[in-house]
Amino acid sequence: MARAGPRRRHRPYAAATAEALDTDRRTALGDLAEAQLAAGAPQRAAATIAGPAGEHPLDEQLCALAVRALAAAGRQADALAAYQRTRVALADEFGVDPGPALTAAHLAVLRGETAPPTPADAPRTADPPRRGDLAAAQTAAPDAATAPPHTATAAPTATTGGPVAPRSNLRAALSSFVGRDRQVGELRKLLSDNRLVTLTGPGGTGKTRLATEAAGALLDTYPDGVWLVELAGVSDPVNVPHAVFAALGASTPTLTGSPPSLRDRAVQLGDLLGDRQLLLILDNCEHLVDAAAHLAEAILTHCRQVSVLATSRAPLGITGEQLYPVPPLDTPAEGVDLATTQASPAVRLLVDRAAAVRPGFTVTPGNAAAIGAICRRLDGAPLALELAAARLRSLTADQVADRLDDRFRLLTGGQRTALPRHQTLQAVVSWSWELLDEPQRALARRLSVFAGGASLDALDAVCADPPHATDPVLPAAALLDALTGLVDQSIVEAGDDNRYRMLDTLRAYGADRLAEAGETGAIRAAHLHHYRQLAETQEPILRTAEQETALARLTADYDNLLAALRYAIDARQPRSALRLGAALVWYWFLFGHADDAMRWLREVNRIAPTEPPDGLAAAYAVCYGGANLELLAEHGHQPERLRPVVDRFEQLVDAARAEGPLPPLLALGSAVPGMLSGDHDAVRRRLGDLIDHAEPWTAAAARLLHANLVQDAYRSIGESGDDFAAAVGAFRALGERWGLSAALVGYGEHLVVAGDAERAAEVLTEAWDIARRFIPDREQPGFLLRLANIRIRAGDVDTAEAELAQAIALRERTHRADGTREHEWWFQRETVSAEVHRARGRYAEARACYRRVLDWADDPATRHRPPQLAAMAYNGLARVALDAGRPDEATTLARDGLRRLAGAAHLDMPLVSLLTETLILIDRERDPRRAATLAGALEAIWSGRTRPNAELGRALDEIRDRLGADDYARARADGAELDLDGIYRHLQIPLVHR
């Protein structure tokens, strides 16, 4: 019998019979060895079973018996070698570990224990285990010789008093499980309601860990246990059932006749499982998805108390499947505070793993930004974060973040015991890539040029082969099928917004494959062409009733628009760069992206020729003006520094006018030179011409600018009121919400000046109702601050204080560091806060706010600030001192404000008037004649077009009463002889600008 081994050759027609006889032979040898062990003859048992076990390394039952016999015979080294041989064979063939029985025998050898002999009368095989003891049945089975040929042979039984058989083969976790509490709860709920749940997602998102953690918590729910079937190492679909048998601790049974099919094996599994109540985890199904799907369907159909939890990058696609896409870990937004960064699940995982290799590692104010950037750029993918954490042993967080552009070379330090495809980031993605067909690979690599996702129309326009392609890889007709495949394979995410996205790591890998295919230039050019057309077609719609739709489209593709502009700049394509840059300017303005506009337009100007290309003079002028916005803001008080820029801009406007009608932004921008030089009359003429002759939107915008001009520079309250009302009506007729909200705010401010606070409140409320539904979240805090400032002037302190608090709360939720806009927000918040404190009598707090503004304006470390900012702070401080009963201090502060303005190229008439009004309020008791003289000067300067506000009006009545009507009239007449320079001479303040 010992000579009749598996090396003998049989004719094909006898193969099945020979296989059955060979199985009977192994069973008999096993029974003989068991009997020899029971009889106290371990040497004879070892001699009987060692050879057959070596010839059949995949027979775990035979190997376990050999390990026991060899150990009992004192041959521990041979016993360990027998175990190792079978462990390696199982891993190579099926990608699984030894079952519980063989593992227990191995552990007994390692511990120096000799397994107790099995009673001689105990059969070697058992019926499929009953509920609660699948891996080690306690109920004796019929003799193997009489068992049906399809009956599975279970693991060795546990004897009474022996070790308790396990109800699961899940391994103990070696690391903490971070950031998935919500997903574990959701998955447990799904498993309670569904018999088949599939976790999907790209490689490295933690599907296996989530599945085992959630399933491990459900052991009490499944009396017959939770069993992990690891398919990662299985390459042949035929071997999928073998992996399930092995995971259950059962040998794969023999079938007579033709080679067994997957269906045959499924029937055998059904017989093995019967009415058992257990959970099978089919892990890593993506490369065997068809076999896994068929097997799962058969098991679920025939075993009504078995549930299946699968992990796969693609769905199994069978009836009853409940998909659960595993999301990346949440990452902290850019610019959030330290506590928010520390609470992010992605950051918690990164820090936990980093602390394991670099004890004491934690998030600090110094590294929080870099840690947040690492988590965002790695998409919150757990495996990528663990690989990055390994690098933190030798690199700082900043160094890792700086090197993520080369992430595939950086992230290579995976665990030695992990699967090869989990040891480097490159291997993780390559595994998924190899599962794609050629059209899917073509689409995936071309998708890498998109930033922030893309619509189906954009994919058609950019990714499909052109109709004239001689050797198409991705014809237009094949694109939808390829896209569906990529979504199914978790390479592409289909969002609820009908857009398709790839994780950054997949995009980076795709970009490398795009370069290898030699397609980068062509696809980037197609991307640029598509998004330039999008910007140019949506730009005019931004000034119509369809404004919100256009804004939504441009916002959805903002990252793509910038990526297209970057390509145009890097590829030195000035025509495309000028066209795209000019088309984005109004969008940038509406969304408050001033810093973006200046930064990008400077780069456009850098590659632009010295003179406008044919037909692009208007775009050239718009880009030139936009690039210099910051210069205008910094040095508007120093026209001599701006003169070359202004002259060049006027030349470009003339060149654009020669090519045709000026586009709206350039038409309005043509009034800027006059504004900078203080030539209000020229500005007024230009705006009047636009009001009379421009198209409706430009005319309405010009009317709004004209209203502000005549109110601020001319103090013509009646005319400005008519203009504001007309602008509101024009924008309302156009249905353009940005213009309407801006016009309503201006009109509300005018009504406050005109003394109609009740009507002003109604107008401002309407303005906010429009703005809060329309303008971006990040712009709403600034809008609220402006409303609050107007309401303070109207005396509505309660509403102003509420709007200030609302603005600050909104800002905390929508904050993003933004250069110039950051300073603008801070300045507005401090000045409005100061005025609220002053109105409430909190003078110390108000003084502190204005002092911070003054220190900021005077800080030599910052870029030069216009003197108007310091002058406004001095005026605020003077008003606080006056209200607090310190008139001498108030006088000094107001005069300091006037001194600041004296150094400008031309006096700022509105601010000089504001500071002079403050001096009138201070002097109404101390020096009423000087106060009356100053009031006369202001009336003459403004040509009687303005009237004092309520507070100033009351002060002038007091002054008249103190002086008497005649003296008051004479003092005002004396003041009427003074111009702005005369006010300075009267106050004995030197004029530096003269």
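Residues numbered from 1 in each chain as written. Predicted model: local features only at pLDDT ≥ 70, side-chain atom pairs only at ≥ 80, totals over all residues. Heavy atoms only, no water.

1. Description of the side chain of Asp 283
Step number 1: Among the secondary structure elements, Asp 283 is positioned in strand β3 (residues 278-283).
Step number 2: Within polar-contact distance, the side chain of Asp 283 engages the side chain of Asn 284 at 3.0 Å.
Step number 3: At 2.5 Å, the side chain of Asp 283 forms a polar contact with the side chain of Thr 311.
Step number 4: Ignoring anything within four residues of it in the chain, the contact list for Asp 283 reads Thr 208, Leu 228, Val 229, Glu 230, Leu 231, Ala 232 and Thr 311. (Helix = DSSP H or I, 4+ residues; strand = E, 2+ residues; numbered from the N terminus. Polar contact = N/O pair within 3.5 Å; in protein donor to acceptor, adjacent residues only side chain to side chain. Contact = heavy atoms within 4.5 Å.)

2. Here we look at helix α24 (residues 558-570)
Step number 1: Helix length check: α24 (13 residues) gives 18 Å between terminal C-alpha atoms against 18 Å at 1.5 Å per residue, within 8%.
Step number 2: Residues of α24 that are buried in the fold lie against β8 (499-501), α22 (520-538), α23 (547-556), α25 (574-590) and α26 (594-607).
Step number 3: Following α24 by one or two positions, Arg 572 adopts a phi angle in the positive range, close to 55°. (Expected span 1.5 Å × (residues − 1).)

3. Quick look at the environment of Ala 346
Step number 1: Within the secondary structure, Ala 346 sits in helix α12 (residues 345-357).
Step number 2: Note on Ala 346: relative accessible area 0%, which makes it buried.
Step number 3: Once residues within four sequence positions are removed from consideration, Ala 346 is found in contact with Leu 329, Asp 330, Thr 331, Cys 375, Gly 380 and Leu 385. (Buried < 20%, exposed > 50% of the residue type's maximum accessible area, 1.4 Å probe, protein only.)

4. Considering the packing of aromatic side chains
Step number 1: A complete count under the given rule lists 11 aromatic pairs for this structure.
Step number 2: Between Trp 586 and Phe 589, the ring centres sit 5.0 Å apart and the planes meet at 15°, which makes this aromatic pair stacked. On the criterion of helical spacing, the pair formed by Trp 586 and Phe 589 is a turn pair, its members being three residues apart in helix α25.
Step number 3: For the pair Trp 586 and Trp 738, a centre-to-centre distance of 5.2 Å together with 85° between the ring planes defines the contact as edge-to-face. With a gap of 152 residues between them, Trp 586 in helix α25 and Trp 738 in helix α35 (residues 737-753) connect regions that are remote in the sequence.
Step number 4: Members of the aromatic cluster, joined through ring pairs, are Trp 586, Phe 589, Trp 697 and Trp 738.
Step number 5: One residue, Arg 543, lies across the ring of Trp 697, its end atom 5.5 Å from the ring centre. (Phe/Tyr/Trp six-rings, centres within 6.5 Å; stacked < 30°, edge-to-face > 60°. Lys NZ or Arg CZ within 6 Å of the ring centre and 35° of its normal.)

5. Some remarks on the confidence of the model for the chain
Step number 1: Counting all residues, the mean pLDDT for the chain is 84, and 87% of those residues have values of 70 or more.
Step number 2: In the predicted structure, residues 1-10 sits below a pLDDT of 50 and forms 13 contacts with residues beyond four places in sequence or in another chain.
Step number 3: Low pLDDT, under 50, characterises residues 115-164; the stretch is placed with 98 contacts to residues that sit more than four places away or in other chains. (pLDDT = per-residue confidence, 0-100.)

6. Topic: the environment of Ala 172
Step number 1: One can find Ala 172 in the loop between α5 (100-110) and α6 (181-193).
Step number 2: By relative accessible area, which is 68% here, Ala 172 ends up exposed.
Step number 3: On a C-alpha basis, the gap between Ala 172 and Gly 216 in space is 9.7 Å, while along the polypeptide they are 44 residues apart.

7. Here we look at the nonpolar core
Step number 1: Ile 374, Leu 443, Phe 450, Leu 459, Leu 565, Trp 588 and Leu 666 are the most contacted members of the largest nonpolar core, which has 166 residues in total.
Step number 2: Sequence-distant contacts of Ile 374, that is, excluding residues within four places in its chain, are made with Leu 350, Ala 388, Ala 397, Val 400, Ala 401 and Leu 404. (Core = buried A, V, L, I, M, F, W, Y, C linked by side-chain atoms within 4.5 Å.)

8. Structural notes on the pattern of salt bridges
Step number 1: Under the defined criterion, the tally for this structure stands at 60 salt bridges.
Step number 2: Of the charged contacts in the structure, one is a salt bridge between Lys 189 and Asp 193, with a shortest N-O distance of 2.4 Å. In this pair, Lys 189 and Asp 193 both sit in helix α6, four residues apart, roughly one turn of the helix.
Step number 3: Across the pair Arg 840 and Asp 798 runs a salt bridge whose closest N-O atoms are separated by 2.5 Å. (Salt bridge = Lys/Arg side-chain N within 4 Å of Asp/Glu carboxyl O.)

9. What to know about the pairing of β3
Step number 1: Here β3 lies mainly inside the structure; six of its six residues are buried.
Step number 2: The alternating pattern of β3 places Leu 278, Leu 280 and Leu 282 and Leu 279, Ile 281 and Asp 283 on opposite faces, both of which are buried.
Step number 3: Direction of pairing for strand β2 (residues 226-230) relative to β3: parallel, over a ladder of five bridges. In the strand pairing of β3, Val 229 is matched with Leu 282. (Pairing = 2+ DSSP bridges.)

10. Concerning the sheet that holds strand β7 (residues 493-494)
Step number 1: The strand order across the open sheet formed by three strands is β6-β8-β7, and the pairing between neighbours is antiparallel. On the outer flanks of this sheet lie β6 (454-455) and β7, each paired with one strand and no other.
Step number 2: Bridge count between β7 and β8: two bridges; the pairing is antiparallel. From the neighbouring strand, Ala 494 faces β8, where its bridge partner is Tyr 500.

11. Looking at the packing of α35 against helix α37 (residues 780-793)
Step number 1: Following both chains from N to C, one finds α35 and α37 inclined at 15°, their axes separated by 9 Å at the closest point. If you check the angle between α35 and α37, you find them roughly parallel. The crossing of α35 and α37 is left-handed. Across from Ser 741, Val 745, Gly 746, Gly 748, Glu 749, Val 752 and Val 753 in α35, the residues of α37 making contact are Phe 783, Arg 786, Leu 787, Ile 790 and Arg 793.
Step number 2: Looking at side-chain class alone, the contact of α35 with α37 contains six nonpolar, three polar and three charged residues. (Axes fitted to C-alpha atoms, helices over the stretch in contact; angles between N-to-C directions. Parallel < 35°, antiparallel > 145°, perpendicular 65-115°, else oblique. Left-handed = near helix turned anticlockwise from the far one by under 90°. Nonpolar A, V, L, I, M, F, W, Y, C, P; charged D, E, K, R; others polar.)

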